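Breakdown of the fold
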Amino acid sequence: MLFRSLINNWVINNTYSYIYDDWSLLPDNDVGLVLGTSNRTRGGAPNPQFYGRVHAAAQLYQLGKIKRIIVSGANPDSTYNEPRAMRRELVKSGVPPAAIYMDFAGFRTFDSVARAQVVFGLDKVTIITQRYHAYRAVFVAKKLHMQVAAYAAPSDDIGPFTRTMVREMLARVRVVLD
């Protein structure tokens, strides 16, 4: 338990200064990377994490903070496709389809960030996700020597002992081991 706590604190302490809550302070960038999540909760309701990320990306695009958007996520079968769902919602929000690129192999945060560098040729990126998730994504980008900033998309208040936060704490340990 102490080991997990130390790693979590290390990841957060090494990344918090790269995460912005205020779009006006966020550095401009050519590309925003939206990290995938389901558009529905386990109970079938609209997922506030999904809509927070997509609407934040649309807002940053409309404000000129980013010029293009990569939506990265999983698509294990024909009934579940995170990149297509994100693209559809971005277009509804006014982002031109030509400005949106889909990465269908973003099965994990590590994959999404690494693929932004290797497949899409980026050395600089703005990551768009919730704050709790941004720590891990920024950590990966920094380890890959990318210039990174992250925008903390709005979300419902997530308590420290929820399934999401427990999963995130374990994922931070895994990303350090990766």
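Residues numbered from 1 in each chain as written. Predicted model: local features only at pLDDT ≥ 70, side-chain atom pairs only at ≥ 80, totals over all residues. Heavy atoms only, no water.

1. As for the environment of Trp 23
As for its placement among the helices and strands, Trp 23 is situated in the loop between strand 1 (19-20) and strand 2 (31-35). Taking C-alpha positions, Trp 23 is 7.2 Å from Tyr 151, a pair spaced 128 residues apart along the chain. Beyond its immediate stretch of four places on either side in the chain, Trp 23 contacts Gln 59, Leu 60, Leu 63, Lys 65 and Tyr 151. (Helix = DSSP H or I, 4+ residues; strand = E, 2+ residues; numbered from the N terminus. Contact = heavy atoms within 4.5 Å.)

2. What to know about the pairing of strand 5 (residues 124-129)
Of all six residues in strand 5, five are buried; the element is thus mostly enclosed. Pairing analysis gives three bridges linking strand 2 to strand 5, with the strands arranged parallel. Looking at strand 5, one finds that Leu 33 is bridged to Ile 127. In this structure, strand 5 lies alongside strand 6 (residues 147-152), joined through six bridges in parallel fashion. (Buried < 20%, exposed > 50% of the residue type's maximum accessible area, 1.4 Å probe, protein only. Pairing = 2+ DSSP bridges.)

3. As for the nonpolar core
Counting residues in each nonpolar core, the largest one holds 23 residues, and the members touching the most others are Ile 19, Leu 33, Val 113, Leu 122, Val 125, Ile 127 and Met 146. Elements with a contribution of two residues or more to this core: helix 1 (2-13), strand 2, helix 4 (109-118), strand 5, helix 5 (131-143) and strand 6. At seven residues, the largest contribution of residues to this core is made by helix 5. If sequence neighbours within four positions are ignored, Leu 33 has contacts with Ile 70, Ser 72, Ser 112, Val 113, Ala 116, Val 125, Thr 126, Ile 127 and Ile 128. By size, the runner-up hydrophobic cluster in this structure holds 21 residues, among which are Ala 56, Val 71, Leu 90 and Ile 100. (Core = buried A, V, L, I, M, F, W, Y, C linked by side-chain atoms within 4.5 Å.)

4. Overview of the pattern of salt bridges
Counted according to the given criterion, the structure contains five salt bridges. For Lys 65, the salt bridge identified is with Asp 28, shortest N-O distance 2.9 Å. In this pair, Lys 65 is assigned in the loop between helix 2 (48-62) and strand 3 (68-72) and Asp 28 in the loop between strand 1 and strand 2, connecting sequence segments 37 residues apart. Judged by relative accessible area, which is 9%, Lys 65 ranks as buried. Asp 28 sits in the partly exposed class, given a relative accessible area of 47%. Of the charged contacts, one joins Asp 30 and Lys 67 as a salt bridge, the two residues approaching to 3.2 Å between their closest N and O atoms. With Asp 30 in the loop between strand 1 and strand 2 and Lys 67 in the loop between helix 2 and strand 3, this residue pair connects regions lying 37 residues apart in the sequence. (Salt bridge = Lys/Arg side-chain N within 4 Å of Asp/Glu carboxyl O.)

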